[in-house]
Amino acid sequence: MASDPRVPGSGVFGDLPPNYMRSPPPVNSDLLRRPSYCHAAFALKQISKGKAVGQKAPLWVRARFQALLFSLGCHIQRHCGKVLFIGLLVFGALSVGLRVAAIETDIEQLWVEAGSRVSRELRYTKEKQGEESVFTSQMLIQTPKQEGTNILTQGALLLHLEAALSASKVQVSLFGKSWDLNKICYKSGVPIIENVMIERMIDKLFPCMIVTPLDCFWEGAKLQGGSAYLPGMPDIQWMNLDPLKLMEELSQFTSLEGFREMLDKAQVGHAYMNRPCLDPNDPECPLSAPNKDLRESPDIAGRLQGGCHGFSKKFMHWQEELILGGRVKDTQNALQSAEALQTMFLLMSPKQLYEHFKDDYEIHDINWNEDKATAILESWQRKFVEVAHGSIPQNSTSEIHAFSTTTLNDIMKSFSDISVIRVAGGYLLMLAYACVTMLRWDCAKSQGAVGLAGVLLVALSVAAGLGLCSLLGLSFNAATTQVLPFLALGIGVDDMFLLAHSFTETGINIPFKERTGDCLRRTGTSVALTSINNMIAFFMAALVPIPALRAFSLQVGRVEIIRGGCGSVYHWAVSL
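Residues numbered from 1 in each chain as written. Predicted model: local features only at pLDDT ≥ 70, side-chain atom pairs only at ≥ 80, totals over all residues. Heavy atoms only, no water.

(A) Representation of the nonpolar core. Leu152, Leu304, Leu353 and Trp368 are the most contacted members of the largest nonpolar core, which has 81 residues in total. Sort the elements by how many residues they give to this core and helix 8 (residues 154–168) lands first, with 8 residues. Contact partners of Leu304, with chain neighbours within four places excluded, come to Leu152, Pro213, Cys216, Glu320, Ile323, Leu324 and Leu335. Formed by 27 residues, the second largest nonpolar core is a distinct cluster that contains Met430, Phe476, Leu484 and Leu554. (Core = buried A, V, L, I, M, F, W, Y, C linked by side-chain atoms within 4.5 Å. Buried < 20%, exposed > 50% of the residue type's maximum accessible area, 1.4 Å probe, protein only. Helix = DSSP H or I, 4+ residues; strand = E, 2+ residues; numbered from the N terminus. Contact = heavy atoms within 4.5 Å.)

Okay, structure coming up:
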């Protein structure tokens, strides 16, 4: 039969049945109550004859669209096997794209808007200050178990020292080598000395950057793990190192005027040797400590007033805000109490660690690269957190909280990992719900298998949509893996229930070869408009400048294209 030009949509998906427009549709209750919903072309014809009233323009549009859907439904019913096979083949091919899916967990890449002020400032910092300014901070925070308790006491600081010492002694073994804090910590810059022996000694002694309230006291030297040996002298460590005296002794063998001048400019002085001891009864407390002879405990709040200094008083000043939390001051701005102590261990970045050891003979046999440097830093940070949490007794009056850069990354990765059990459980519950609600006592009208196939098809369409996103280069994030599967399931199954109900209500006087076409003519408009609105809404949400939300919106929009554009049609290919 040739296409009838008077029939809207004729010839698009094949010729329409002769009775689509020329004979009135079978009379049923829905047609009498909602003629435009069931058959807009028939309602438009009645208005044209003057037998009914209504808006012709929207009815004409709906009639055209219903004709397309009717033609599509009839075409599907005639070739249901082919449609099902091609659809499953396309969905399966797109699902393979999940193999190349990449999960983004970097906070900067997820939540910093490209081109924003924060992004520009970060880029400026990296460009102007260079890689040397980049380091990672490992934080050790101590708080009292009883809220409001003053933590500026000798006992609390000695407990903090115990926790910090345990953390500073962390070692990890990777690639056949042992890595401790002194090897991987960030250092402000080791000076170059012409004398090789002195240069090696200084390289071993040069302290790590540790921002801590313990630096107000001699005990801050205990956190520095470097040591050196000179003939005829005991092991040199920061606990017994007086830089001025050491310079005097070494100047007998070589000229150190340049190095001495540098120490003077940095105001290193006697380093930790002239600082009070937290515990003056400590046998290792030097005689040069101002409270050693009197055996008096230091004024904790007074020493921490205004912050502390590292080994360089000029360049290493730790403000109160960096080392104390919950500070309380009196009217004279004098520090009275605090509720938290904080120590920060600064580590090199992976690139810095790689550059530092790339020419070192000790690692020549392990194929040294930046990935291995990253693995070493991450392993050390994880053990740092583990050791810090178990560093003080359970019955202590304080709590230790450890946090590292890797901790945040691990949290993001754990949130971003797909929980197969949770997703499978959600879809199984929906399978059970769909099967139970679509079962009927009348076997001729029962559609439990249709519900089962519909939910499975929604799951396949979600996988295909996400696979397409992976092939297009969209990275996944926590919202994609934790929210999107359930969101797409909820949006997808409602169309299945709508179509199933409409198919069940199709009158027995409708020819069998037109039943799918009649079903799509009734409900296809609603399904299509819903899917189109969802796609538009999510694609509009992609205008949000936050990368994580933009990626999520684009992924849901593409999943909706796959599911809404093809999924609803394939439900009926399955049902047939």
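(B) Main features of the state of the cysteines. Enumeration according to the criterion identifies 3 disulfides in this entry. With its sulfur 1.7 Å from that of its partner, Cys216 forms a disulfide with Cys308. Torsion about the S-S bond of the Cys216 and Cys308 cystine: about -100°, corresponding to left-handed handedness. Placement of the pair is Cys216 in the loop between strand 4 (210–211) and strand 5 (227–228) and Cys308 in strand 7 (residues 308–309), with a sequence separation of 92 residues. (Disulfide = S-S within 2.5 Å.)

(C) View of helix 5 (residues 80–95). The end-to-end C-alpha separation of helix 5 is 22 Å, in line with the 22 Å expected for 16 residues at 1.5 Å each. Among all positions in helix 5, only Val83, Gly87, Phe91, Leu94 and Ser95 are buried. End-on view of helix 5: buried residues confined to an arc of 105°, all on one side of the axis. In helix 5, the exposed residues that point more than 90 degrees away from the buried face are Lys82, Phe85 and Leu89. (Expected span 1.5 Å × (residues − 1). Arc of directions from axis to C-beta.)

(D) Quick look at the pattern of salt bridges. According to the stated counting rule, one finds 8 salt bridges in the structure shown. A salt bridge links Lys222 to Asp282; the shortest N-O distance between them is 2.8 Å. Of the two residues, Lys222 sits in the loop between strand 4 and strand 5 while Asp282 sits in the loop between helix 12 (257–266) and helix 13 (300–304), which places them 60 residues apart along the sequence. Among the ionic pairs, Glu320 bridges to Lys329, the shortest N-O distance being 3.2 Å. For Lys329, a relative accessible area of 31% corresponds to the partly exposed category. Sharing partners across several salt bridges, the network here consists of Glu320, Glu321, Arg327 and Lys329. (Salt bridge = Lys/Arg side-chain N within 4 Å of Asp/Glu carboxyl O.)

(E) Layout of the packing of helix 16 (residues 370–389) against helix 17 (residues 405–416). Taken N-terminus to C-terminus, the directions of helix 16 and helix 17 make an angle of 95°; their axes are 8 Å apart at the nearest point. If you check the angle between helix 16 and helix 17, you find them roughly perpendicular. Contact with helix 16, carried on its side by Glu378, Gln381, Arg382 and Val385, involves Thr405, Thr406, Thr407 and Asp410 of helix 17 and no other residues of that element. The class makeup of the residues in the contact of helix 16 with helix 17 is 1 nonpolar, 4 polar and 3 charged. (Axes fitted to C-alpha atoms, helices over the stretch in contact; angles between N-to-C directions. Parallel < 35°, antiparallel > 145°, perpendicular 65-115°, else oblique. Nonpolar A, V, L, I, M, F, W, Y, C, P; charged D, E, K, R; others polar.)

(F) Summary view of the environment of Gly426. As for its placement among the helices and strands, Gly426 is situated in helix 18 (residues 420–437). According to the relative accessible area criterion, Gly426 is buried, its value standing at 18%. Put simply, Gly426 and Leu489 are 63 residues apart on the chain and 9.1 Å apart in space, counted from C-alpha to C-alpha. For Gly426, the contacting residues outside a window of four places in its chain are Phe486 and Leu489.

(G) Main features of unusual backbone geometry. Backbone geometry places Ala271, a non-glycine residue, at a positive phi of 60°. Note that Ala271 resides in the loop between helix 12 and helix 13. A residue is classified by how much of its surface remains accessible, and Ala271, at 0% relative accessible area, is buried. The backbone of Asn333 shows a phi angle near 65°, a positive value even though the residue is not glycine. With respect to the helices and strands, the residue Asn333 is situated in the loop between strand 10 (328–329) and strand 11 (335–337).

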